[in-house]
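Close look at the chain arrangement
The residues making up each chain are set out below.
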Amino acid sequence: MTGSNRVASYYLENNKYMDIHIKMSDFMDEELQRIREMKMKEMIKNLRRDRMETVIEVNDESFQEKVIEQSKGVPVVVDFWAQWCMPCMMLGPTLDKLAKDYNEKFVLAKVNMESSRGLAQRYGIMSIPAVKMFKNGKVVDEFVGALPEPQIKDWIDRNLGDS
């Protein structure tokens, strides 16, 4: 079709030829823009899929891999909680928000104490909520209780600064 437009345009006046040429280039520009947008959406989708999860659930079986091993590459904040614990219910959303706000600077691992009693014993959890920061496979700092967000941010900043 492009060839027939060009052949036909040779017999038209110069301005008409330009009009036809511009129409073809507009079509090409629109098509290229559509392809760019499609590729960009695909790239963003792949980036999101490849991104590290910032909030994860862990238990006795997955703790070694998801906390100990992962903390060798990125700090892991572990929230030991239970569903019946009101301070835990208050602290949880704050920790979730901070994990998103810090955008992959640490991973938040949530341990339900009802189903992971072995971890409570292993890490000497006597009261909940209990929050521990793991780096290089070891606990580097911790706090117990539902602290206000500014105090938790200070705690995170202080511990991430040592990275």
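Predicted model, so just to flag it, every value in this text is computed and none were measured. (Residues numbered from 1 in each chain as written. Predicted model: local features only at pLDDT ≥ 70, side-chain atom pairs only at ≥ 80, totals over all residues. Heavy atoms only, no water.)

Now for the overall build of the protein. Within the protein, the secondary structure is distributed over six helices and five strands. Listed N to C, the secondary structure of the protein is α-α-β-α-β-α-β-α-β-β-α in terms of helices and strands. Burial statistics for the protein: of 163 residues in total, 34% are counted as buried. In the protein, the share of contacts with a sequence separation of at least 24, taken over all contacts with a separation of at least 6, comes to 67%. When the accessible area of the protein is evaluated, it comes to approximately 11,000 Å², of which 54% is carbon and sulfur surface. (Helix = DSSP H or I, 4+ residues; strand = E, 2+ residues; numbered from the N terminus. Buried < 20%, exposed > 50% of the residue type's maximum accessible area, 1.4 Å probe, protein only. Contact = heavy atoms within 4.5 Å. Areas by Shrake-Rupley, 256 points an atom, 1.4 Å probe, with all protein chains shown as cover.)

The predicted model of the protein has a mean per-residue pLDDT of 82, with 77% of residues at 70 or higher. Within the model, pLDDT remains below 50 along residues 1-11, and this stretch shows five contacts once partners closer than five positions in the same chain are excluded. (pLDDT = per-residue confidence, 0-100.)

Under the criterion given, the structure shown has one disulfide. Linked covalently through their sulfurs, C85 and C88 form a disulfide whose S-S length is 2.4 Å. Disulfide C85 to C88: torsion about the S-S bond roughly 80°, handedness right-handed. The exposure class of C88 is buried, given its relative accessible area of 3%. (Disulfide = S-S within 2.5 Å.)

Before going further, it helps to examine the sheet that holds strand 4 (residues 130-135). Sheet architecture is open: five strands sit in the order 1-3-2-4-5, paired in mixed fashion. The open sheet terminates on both sides in strands that have one partner only, identified here as strand 1 (55-58) and strand 5 (138-144). When the angles between neighbouring strand axes are averaged without regard to direction, this sheet yields 25°. (Pairing = 2+ DSSP bridges. Axes fitted to C-alpha atoms, helices over the stretch in contact; angles between N-to-C directions.)

Let's shift gears to helix 4 (residues 86-101). In a regular helix each residue adds 1.5 Å, so 16 residues correspond to 22 Å; helix 4 covers 24 Å between its end C-alpha atoms and thus fits that length. Residues of helix 4 that are buried include every one of C88, L91, G92, T94, L95, L98 and A99, and no others. Where helix 4 is buried, its residues touch strand 1, strand 2 (76-81), strand 3 (107-112), strand 4, strand 5 and helix 6 (149-160). N103 lies just past helix 4 and shows a positive phi near 45°. (Expected span 1.5 Å × (residues − 1).)

Attention now goes to the pattern of salt bridges. Counted by the stated rule, this structure contains nine salt bridges. E69 serves as the salt-bridge partner of K72, at 3.3 Å between the closest nitrogen and oxygen. K72 gets classed as partly exposed once you look at its relative accessible area, which sits at 47%. Judged by relative accessible area, which is 38%, E69 ranks as partly exposed. (Salt bridge = Lys/Arg side-chain N within 4 Å of Asp/Glu carboxyl O.)

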